[in-house]
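The lines below spell out each chain.
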Amino acid sequence: MSATETQRVLPIEGVIRNELAELVRDSELSVPSLPETATGLMGLTGVSDTAISKVVAAAERTPLLRERVLRVAAFAAQREASGFSSVHEAIAHLGTAEVADIVLTAMVHGRLFDDKRCAVVAVDAWRRSIATAIWSREIGAVSRRGDEYTYLGGLLHDIGQHVAKLACAWSAVRLGLDPEDADTENAALEHGQHFTWVICGQWPLPGAVIEAVRDWASWTPDEGQPGNAAVVQLAHYLAEIAYEQGPELTREALAGKPLLDTLRISPDRFNALLSRAEWVKAQAAAY
């Protein structure tokens, strides 16, 4: 049955789901490539001249990327509206590793969402993934369970969902449809995991990142010492609840959860994390 014939007999949601199912079946999903420069920023730590030059060169590559990086860095540093005048200044204030995270996130953000026709269906959810990444870095530091790949694991933990939604939007544009958000949600939930593994196979991701992406949702204390998967799991909950409902309801929802004990996050440290909820949200929204 052709796409036109399908449209005659199915509601929009059915058409979109069929389109996405065909992409999965025929392995025809076109996954945006990760910019080559981004590979060199993964897990970047230290303040060597080489590290700094990589970050600055990546951020200065295009005016839009530079503007986005400086804007997010200003939120991260809680600076006034004037922000930073250069990437070097942001690095001096925040450190190479944090600015490298911002540059990497801005690169992925631009690659996925600069097509304005499609971005609206997924960008809000993507900002929650950015919040998950920031929370992952914060939790990793507080619990001492994080490493140089914790942030990236949080950022990409549900990347397949976003790509699936974008694929739905691309199909809708091609077919001249105007679906509601709900029309793409079920299709994305159904096939998002498949697209996650497509991306993990195509992007040059470190093994520690793939492990976090693979295991975060199912990790339990029975699996041994907590690592990035456990950190990302807690960060996901913080991002989902705090982003929508605020820190007070987050505190109620997660208080007493075994995951907090497993990561050795005391009530005082948990409260300190939650006090940064608006700060995290502002950074995510700045992309």
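Residues numbered from 1 in each chain as written. Predicted model: local features only at pLDDT ≥ 70, side-chain atom pairs only at ≥ 80, totals over all residues. Heavy atoms only, no water.

Enquirer: I keep staring at the layout of surface pockets and nothing clicks. Help me out?
Expert: Once rolled over the atoms, a probe with the size of a water molecule shows which space is left empty. Approximately 340 Å³ is the volume found for the largest pocket. Contributing to the lining of the largest pocket are 21 residues, with Asp-158, Gln-161, Leu-189, Trp-216 and His-236 lying nearest its centre. Broken down by secondary-structure element, the contributors of at least two residues to the lining of the largest pocket are α9 (123-143), α11 (159-175), α12 (181-202), α13 (207-215) and α14 (228-245). Take the lining of the largest pocket: its biggest share by element is five residues, from α12. Split into classes, the residues belonging to the lining of the largest pocket amount to five nonpolar, ten polar and six charged. (1 Å grid on protein atoms, 1.4 Å probe; cavity = no way out; pocket = protein on both sides within 12 Å on 5 of 7 lines; lining within 4 Å. Points joined across faces, edges and corners; volume = space filled by probe spheres on them. Helix = DSSP H or I, 4+ residues; strand = E, 2+ residues; numbered from the N terminus. Nonpolar A, V, L, I, M, F, W, Y, C, P; charged D, E, K, R; others polar.)

Enquirer: Sorry, what's going on with the pattern of salt bridges here?
Expert: Where charged atoms from two side chains of opposite charge come close, those side chains can pair. Applying the stated criterion to the full structure yields nine salt bridges. A salt bridge links Glu-98 to Arg-137, with the shortest nitrogen-to-oxygen separation between them at 3.5 Å. Here Glu-98, found in helix α7 (residues 96-113), pairs with Arg-137, found in helix α9; they are 39 residues apart in sequence, far enough to count as distant. Here Glu-98 falls in the buried class, since its relative accessible area comes to 19%. A single network of salt bridges, built from pairs that share partners, joins Glu-98, Asp-101 and Arg-137. (Salt bridge = Lys/Arg side-chain N within 4 Å of Asp/Glu carboxyl O. Buried < 20%, exposed > 50% of the residue type's maximum accessible area, 1.4 Å probe, protein only.)

Enquirer: Explain the nonpolar core here, please?
Expert: Note on soluble globular proteins: their nonpolar side chains tend to be buried together. With 77 residues, the main nonpolar core has Val-103, Trp-135, Ile-139 and Leu-156 as its most contacted residues. If you tally residues by element for this core, the top one is α7, at ten residues. Not counting residues within four places of it along the chain, the set of residues in contact with Trp-135 comprises Ala-235, Leu-238, Ala-239, Leu-273, Leu-274, Arg-276, Ala-277 and Val-280. (Core = buried A, V, L, I, M, F, W, Y, C linked by side-chain atoms within 4.5 Å. Contact = heavy atoms within 4.5 Å.)

Enquirer: Which parts of the structure should I look at to understand the environment of Ser-218?
Expert: As for its placement among the helices and strands, Ser-218 is situated in the loop between α13 and α14. A relative accessible area of 46% places Ser-218 in the partly exposed class. When the C-alpha atoms of Ser-218 and Ala-229 are compared, they prove to be 8.6 Å apart, with eleven residues separating the residues in sequence. Every residue in contact with Ser-218, bar those within four places of it in the chain, is listed here: Glu-223 and Gln-233.

Enquirer: Looking at this structure, how should I read unusual backbone geometry?
Expert: Backbone geometry follows two general trends: most residues other than glycine have a negative phi, and most peptide bonds adopt the trans configuration. For Gln-78, which is not a glycine, the phi torsion comes out positive at approximately 55°. You can see Gln-78 is positioned in the loop between α5 (63-76) and α6 (87-94). You can call Gln-78 exposed: its relative accessible area is 61%. You will see that Arg-264, though not glycine, has its phi angle at about 60°, which is positive. Taking relative accessible area as the criterion, Arg-264 reaches 64% and is therefore assigned exposed.

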